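Residues per chain are reported as follows:
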Amino acid sequence: MTAAPTAPQAAALPEHVRVAFGVKDAVPRPVVWAGQRAWHCDEVLLRPVADNAMAAWSAGVLENLDVEAVRLARPVRSSDGRWVVAGWAASRFLAGASEPRHDDVVSASLRLHAATATVQRPRLLDSRDDLLARSAAAAFGERRFALDDAAGGRLFGELAAHRRPMKSPPQVVHGELFGAVLFDGDGVPVVLDLVPFWRPAEWAAAVVVVDAIAWGGADEGLIDRWAHLDEWPQALLRAALYRLALHAQHPDASARSVAGLERVAGLVSARL
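This write-up is about the structure you can find in this document. (Residues numbered from 1 in each chain as written. Predicted model: local features only at pLDDT ≥ 70, side-chain atom pairs only at ≥ 80, totals over all residues. Heavy atoms only, no water.)

1. Details of the side chain of S78
Tracing the chain through its elements places S78 in the loop between β5 (75–76) and β6 (84–85). One polar contact links S78 to D80, side chain to side chain, over a distance of 2.4 Å. Excluding its chain neighbours within four sequence positions, the residues that come into contact with S78 are A20, F21 and V85. (Helix = DSSP H or I, 4+ residues; strand = E, 2+ residues; numbered from the N terminus. Polar contact = N/O pair within 3.5 Å; in protein donor to acceptor, adjacent residues only side chain to side chain. Contact = heavy atoms within 4.5 Å.)

In structure tokens:
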């Protein structure tokens with residue numbers, strides 16, 4: 001279960017936005033791209049964004065980033081050079097479909113974060129205090145707050161007792177890649193944007209694994225296939241804690257949705 005600030009509704013694509021991004025004469029086609037509502041206008045994908053500053057930062061990084069064996073939807077500037085216009089961002093349209101290729105998503109995560117390892121920590125993280133940021137801080141023991149026991153708080157407390165220091169350095173990572181990676185016709189993974197966190201790269205890969213097992217139908221062997229990564233048990237632990245903290249605070253949390261996390265918690269505990 002993921003959460004983010006609510007973006008503007010994509011029920012109507014404003015004409016001035018199409019003008020700004022140079023697709024005034026295109027026939028807009030509503031699409032869902034990696035779970036996001038958007039408009040396909042010729043070779044451009046227009047989408048409403050929840051956080052203008054984060055969207056602009058993401059575009060600035062992706063403009064020149066090169067990732068081995070991963071296609072990036074290159075951002076498109078408006079006619080006056082902006083990345084975001086009235087809450088809308090644009091990128092080159094890349095066709096792709098969601099597929100249950102969980103190991104390939106983990107591999108793409110590691111390659112993406114090898115490329116972002118030199119990206120400086122964005123200042124926008126200093127003031128970020130949304131549900132995702134709070135949950136990650138709780139997972140790493142940087143913040144404490146009450147969590148609903150029935151929605152994951154009890155499991156969080158049990159797992160947190162096994163937390164040990166990690167030596168892996170933090171860096172810019174995309175912390176929400178599960179469900180956000182598509183595959184093109186040649187099977188190459190496609191990434192649209194970045195949801196930045198300042199965490200170890202192994203943690204971002206572990207979040208993909210936790211999500212895939214909890215909600216994506218992945219087999220538990222996915223955990224062990226990546227056990228060669230540095231500090232994998234602790235990265236997995238913090239990924240599970242992150243999802244539990246998020247779930248326990250999420251307005252749509254339910255007994256059904258926590259069941260997958262309960263399964264993951266058991267698998268992670270057995271490997272600590």
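2. Comments concerning the nonpolar core
The biggest cluster of nonpolar side chains holds 69 residues, and the ones touching the most others in it are W203 and W232. When near neighbours in sequence (up to four residues on either side) are disregarded, W203 contacts F140, V173, G175, F197, A235, R238, A239 and Y242. (Core = buried A, V, L, I, M, F, W, Y, C linked by side-chain atoms within 4.5 Å. Buried < 20%, exposed > 50% of the residue type's maximum accessible area, 1.4 Å probe, protein only.)

3. Side note on the pattern of salt bridges
A complete count under the given rule lists 17 salt bridges for this structure. For the salt bridge of E142 with R199, the shortest nitrogen-to-oxygen distance reads 2.8 Å. In this pair, E142 sits in the loop between α4 (131–139) and α5 (153–160) while R199 sits in strand β11 (residues 196–199), placing the two residues 57 residues apart along the sequence. A salt bridge links D211 to R243, with the nearest nitrogen and oxygen atoms 2.6 Å apart. Taken together, the positions of D211 in helix α6 (residues 201–215) and R243 in helix α8 (residues 232–249) put the pair 32 residues apart, joining distant regions of the chain. Residue classification places D211 among the buried residues on the basis of a relative accessible area of 2%. Residue classification places R243 among the buried residues on the basis of a relative accessible area of 1%. Residues joined in a network through salt bridges with shared partners are E99, R101 and D104. (Salt bridge = Lys/Arg side-chain N within 4 Å of Asp/Glu carboxyl O.)

4. Remarks on the environment of R77
Structurally, R77 can be placed in the loop between β5 and β6. R77 gets classed as partly exposed once you look at its relative accessible area, which sits at 39%. Counting along the chain gives 182 residues from R77 to A259, while the straight-line C-alpha distance between them is 43 Å. Apart from residues no more than four positions distant in its own chain, R77 is found in contact with F21, E63, R82 and W83. Of note is the side chain of R77, whose polar atom sits 2.7 Å from the backbone oxygen of G81.

5. Points about the pairing of strand β2 (residues 36–41)
Two strands pair when backbone bridges link them, and strand β1 (residues 29–33) and β2 are joined in this way by 5 bridges, in the antiparallel orientation. In the strand pairing of β2, R29 is matched with H40. Between the end of β1 and the start of β2, which pair antiparallel, lie 2 residues, with A34 showing a positive phi angle near 50°. In this structure, β2 lies alongside strand β3 (residues 44–48), joined through 3 bridges in antiparallel fashion. Paired with H40 across the bridge in β3 is L45. (Pairing = 2+ DSSP bridges.)

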